[in-house]
Amino acid sequence: AYAVAPLADSGFVAVAETRSFGAGGSDGWVLRLDRRGDTLWTRTAGGNGTDVLWDVVVAEDGGFACAGELASKPWLVKYDPAGEQVWCKGYTVPNFGRLQSVHRDPGSGFVLAGSRYNGANYMFGLVIGTDSAGNVTGVASYDPFGGILQSQGAAGSFGFTGEWAGVTGLQY
């Protein structure tokens with residue numbers, strides 16, 4: 001599994017990728033586990049290409065949001081507590097790299113963090129804010145030296161850590 005989140009009933013939800021079953025290529029794989037780690041159910045998400053889920057967070061309604069990549073685009077999938085897909089959103093980001101994490105923005109939605117390229121193989125930090133339905137409320141991209149390259153909207157304030165040419169503690 002790439003990520004695991006604890007649930008209120010002492011169970012867990014995990015995300016990964018599978019090439020064994022699903023729509024084809026690789027697909028995002030969601031597993032619901034009880035407190036002993038026994039599988040209660042699994043779901044796949046994706047299409048015929050290379051799709052993967054990298055992170056998961058418990059939503060305010062007890063469901064969960066899974067973030068990853070669908071056909072080389074940032075992707076957020078929301079499930080209800082029973083594992084039924086509520087919505088699936090893909091986002092257009094020029095020169096997208098990887099979507100590595102999702103965080104809950106209390107009372108508002110989700111914040112996604114990842115990276116994109118500048119066209120010359122330099123990685124930039126990428127932050128996407130959404131409302132609770134996965135609609136974009138803000139996008140920010142940070143260059144390797146910490147300057148904001150582009151910014152749209154506002155989705156609250158978050159601090160991020162990571163490594164982009166030594167820059168840490170990016171704030172959105």
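Only a predicted model underlies this, so the values are computations on that prediction, with no experimental measurement involved.

Tracing the backbone shows Phe124 in strand S11 (residues 123-131). By relative accessible area, which is 8% here, Phe124 ends up buried. Placed 28 residues apart in sequence, Phe124 and Phe96 show a C-alpha to C-alpha distance of 9.5 Å.

Below, the discussion takes up the pairing of strand S12 (residues 136-142). Counting buried positions along S12 yields five of seven residues, so the element is predominantly enclosed. One ladder, built from six bridges, connects S11 with S12; its direction is antiparallel. Bridge assignment links Leu126 to a residue of S12, and that residue is Ser141. Joining the antiparallel neighbours S11 and S12 is a turn of four residues, in which Gly134 adopts a positive phi near 85°.

The tally for this structure, following the rule as stated, stands at five salt bridges. For Arg32, the salt bridge identified is with Asp9, shortest N-O distance 2.3 Å. Of this pair, Arg32 sits in strand S3 (residues 27-33) while Asp9 is found in the loop between strand S1 (3-6) and strand S2 (12-18), placing the two residues 23 residues apart along the sequence. Glu84 is paired through a salt bridge with Arg43; the nearest N and O atoms lie 3.4 Å apart. With Glu84 in the loop between strand S7 (73-79) and strand S8 (85-90) and Arg43 in strand S4 (residues 39-45), this pair connects stretches of sequence that are 41 residues apart. Judged by relative accessible area, which is 44%, Glu84 ranks as partly exposed. Accessibility expressed as a relative area gives 24% for Arg43, which makes it partly exposed.

Thresholds applied
Throughout, a residue's number is its position along its own chain's written sequence, starting from 1. Given that this is a predicted model, residues contribute local features only at a pLDDT of at least 70 and side-chain atom pairs are listed and counted only at 80 or more, while totals for whole chains, interfaces and linings are drawn from all residues. Just so you know, side-chain values use all the structure's heavy atoms and leave hydrogens and water out. Secondary structure elements follow DSSP: runs of H or I of four or more residues count as helices, runs of E of two or more count as strands, with numbering from the N terminus. Here's how the labels work: a residue is buried when its accessible area is under 20% of the maximum for its type, exposed when over 50%, partly exposed in between, all with a 1.4 Å probe on protein chains only. A strand pair is defined by DSSP finding two or more bridges across the two strands. Salt bridge, as applied in this entry: a Lys or Arg side-chain nitrogen positioned within 4 Å of an Asp or Glu carboxyl oxygen.

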